[in-house]
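Take a look at the letters that make up each chain.
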Amino acid sequence: MKPGVWLIPEYLARHSYRTTLWILLFASVIVAGQGKLLWRDSFSPNKSALTDTGTAPYFILQPGYQLRLAHGKDTLTITVLNDTKVIDGVKTRVVEERETKNGQVIEVSRNYFAVDPSTGDAYYFGEDVDIFKNGKIASHEGAWHSGENGARFGLFIPGKPKVADRYYQELAPKVAMDRAEILSIAEKLTVPAGTFNNVVRTKESSAIEIGSEEKWYAPDVGIIKDADFVLIGIVKP
């Protein structure tokens with residue numbers, strides 16, 4: 001055998017310590033990378049302490065509160081209703097989202113929320129959806145309720161958001177699996193309704209759909225920008 005030429009087993013034997021270190025380092029990098037891809041999908045608040053009315057840092061759950069957003073002639077109106085609904089053993093508040101396109105209603109959803117007063121976390125328990133076509137209800141695609149068909153409630157937005165936090169907002173297998181990642185907690189954003197500081201910016205995607213979009217939440221207000229929709233007005237009770 002020529003000097004400097006080894007068979008693979010002999011090479012590994014001579015360099016087993018170095019090889020082991022490289023393997024361990026490579027494995028740790030892989031594990032760390034995988035850790036960044038994990039999404040929180042289990043939440044354990046005291047369900048008996050959740051409330052259907054309240055003011056969280058980035059989510060207002062007061063009946064009569066309304067956010068009006070627009071993108072050109074298209075509108076998105078979010079209204080906290082007087083209605084409540086018990087879902088998965090929790091009394092939730094109904095929040096209506098009404099979206100129009102070219103002056104026509106294209107979707108109306110009744111979303112069910114509850115807030116944890118101790119943390120400011122807002123939890124999402126499901127929605128009933130009416131999708132319109134030519135002025136008539138065409139489907140209820142995307143509807144789900146926590147506690148039914150394997151669905152579980154998700155975290156809509158935390159009271160104390162942290163950059164890089166990733167969590168599921170919806171946990172309804174094969175129906176709705178929306179999730180959010182906190183990108184920033186210190187944005188400044190100007191929209192028609194005003195200029196807001198310490199804005200939280202999130203990127204939302206789905207485990208069962210392609211694509212993503214960003215949203216912005218202002219303290220003591222709620223959502224002020226939803227993809228291309230921007231806040232144009234606030235109605236307080």
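In this text the structure is predicted, and so the values were computed from the model without any measurement.

Chemist: Just checking my understanding: could you explain the overall build of the protein chain for this structure?
Modeler: Counting its secondary structure elements, the protein chain contains 2 helices and 17 strands. Taken across its 237 residues, the protein chain has 43% of its residues classed as buried. Counting only contacts in the protein chain whose residues sit at least 6 apart along the sequence, the fraction spanning at least 24 positions is 46%. Per element, the accessible surface of the protein chain, about 13500 Å² overall, is 54% carbon and sulfur.

Chemist: Where do I start with the side chain of glutamine 169 in this structure?
Modeler: Looking at the secondary structure, you find glutamine 169 in the loop between strand 11 (166-168) and strand 12 (170-171). At a separation of 3.3 Å, a polar atom in the side chain of glutamine 169 contacts the side chain of glutamate 204.

Chemist: Can you walk me through the pairing of strand 8 (residues 136-139) in this structure?
Modeler: Along any regular strand, the residues point their side chains to alternate faces of the sheet. Relative to strand 8, strand 7 (residues 122-133) runs antiparallel, the two being bridged by 3 bridges. Across the sheet, the residue bridging to phenylalanine 132 is isoleucine 137, located in strand 8. If you look at the hairpin formed by strand 7 and strand 8, you'll find 2 residues sitting between the two strands, and asparagine 134 has a positive phi there, around 55°.

Chemist: Would you mind going over unusual backbone geometry with me for this structure?
Modeler: If a residue is not glycine, its phi is most likely negative; likewise, a peptide bond is most likely trans. Phi at aspartate 88 takes a positive value of approximately 55°, unusual for a residue other than glycine. Along the chain, aspartate 88 turns up in the loop between strand 4 (74-87) and strand 5 (90-101). The class for aspartate 88 is partly exposed, based on a relative accessible area of 32%. Despite not being glycine, asparagine 134 has its phi angle at roughly 55°, a positive value. Structurally, asparagine 134 is set in the loop between strand 7 and strand 8. For asparagine 134, a relative accessible area of 75% translates into the label exposed.

Chemist: Can you help me understand the nonpolar core in this one?
Modeler: Most often, soluble globular proteins have nonpolar side chains that are buried together. Grouped together as the largest cluster of nonpolar side chains are 55 residues, with contacts concentrated most on Phe59, Phe125 and Ile224. Examining the composition of this core, we find that 5 residues originate from one element, strand 4, more than from any other. Excluding anything up to four places from it in sequence, isoleucine 224 contacts Leu69, Leu189, Val191, Phe196, Val199, Trp216, Ala218, Phe229, Val230 and Leu231.

Chemist: Could you clarify how one ought to interpret the pattern of salt bridges in this entry?
Modeler: Side chains that differ in charge, positive against negative, can pair when their charged atoms come close. Counted according to the given criterion, the structure contains 12 salt bridges. One salt bridge in this structure joins glutamate 187 and arginine 201, with 3.1 Å as the shortest N-O distance. Within this pair, whereas glutamate 187 is found in strand 13 (residues 178-191), its partner arginine 201 is found in strand 14 (residues 194-206), the two being separated by 14 residues in sequence. The shortest N-O distance in the salt bridge between aspartate 226 and lysine 215 comes to 3.7 Å. Taken together, the residues aspartate 226 in strand 16 (residues 222-226) and lysine 215 in strand 15 (residues 212-218) connect sequence positions 11 residues apart. Of the two residues, aspartate 226 and lysine 215, both sit in the buried class. Overlapping salt bridges, with partners in common, bring together Glu204, Glu213, Lys215 and Asp226 in one network.

Chemist: I tried to follow the environment of lysine 47 on my own but got confused; where do I start?
Modeler: Position of lysine 47 among the secondary structure elements: in the loop between helix 2 (16-36) and strand 1 (54-56). A relative accessible area of 31% places lysine 47 in the partly exposed class. Residue contacts for lysine 47: discarding those within four places in its chain leaves Asp88, Val90 and Phe153. Separated by 2.9 Å, the side chain of lysine 47 and the backbone oxygen of aspartate 88 make a polar contact.

Chemist: Honestly, the pairing of strand 7 in this entry has me stumped. Any pointers?
Modeler: Inspection of the sheet shows strand 6 (residues 104-115) paired to strand 7 by 9 bridges, in the antiparallel sense. Bridging across to strand 7, valine 115 finds its partner in alanine 122. If you look at the hairpin formed by strand 6 and strand 7, you'll find 6 residues sitting between the two strands, and glycine 120 has a positive phi there, around 80°. As paired strands, strand 7 and strand 10 (residues 152-157) are joined by 3 bridges and run antiparallel to one another. Residue alanine 122 lies in a different strand from strand 10, and its bridge partner there is isoleucine 157. When strand 7 meets strand 9 (residues 144-145), the two strands line up antiparallel, connected through 2 bridges. Residue pairing in the sheet places glutamate 127 in a bridge with tryptophan 144 of strand 9.

Thresholds applied
All residue numbers here refer to positions counted from 1 along the written sequence of the relevant chain. With pLDDT at 70 or above as the cut-off, local features in this predicted model cover only qualifying residues; side-chain atom pairs require 80 or more to be listed or tallied, and sums for whole chains, interfaces and linings still use all residues. No hydrogens and no water enter the side-chain calculation; it runs on all heavy atoms of the structure. Put simply, DSSP H or I for four residues or longer makes a helix, DSSP E for two residues or longer makes a strand, and each gets a number counted from the N terminus. Residue burial is assigned from relative accessible area. The probe radius is 1.4 Å, only protein chains are included, and a residue is buried under 20% of its type maximum, exposed over 50%, and partly exposed in between. In this description, contact between two residues means that some pair of their heavy atoms is separated by no more than 4.5 Å. Under the convention used here, a 1.4 Å probe and the Shrake-Rupley method define accessible areas, while residue burial counts only the protein chains that appear. N or O atoms closer than or at 3.5 Å make up a polar contact, with two conditions inside protein: a donor-capable atom paired with an acceptor-capable one, and, for residues adjacent in sequence, both atoms drawn from side chains. Note: two strands are recorded as paired if DSSP finds a minimum of 2 bridges between them. Among the buried residues, those of types Ala, Val, Leu, Ile, Met, Phe, Trp, Tyr and Cys that are joined through side-chain atoms within 4.5 Å form a nonpolar core. For this analysis, a salt bridge means a side-chain nitrogen from Lys or Arg found within 4 Å of a carboxyl oxygen belonging to Asp or Glu.

That's the geometry; what it means functionally is another story.
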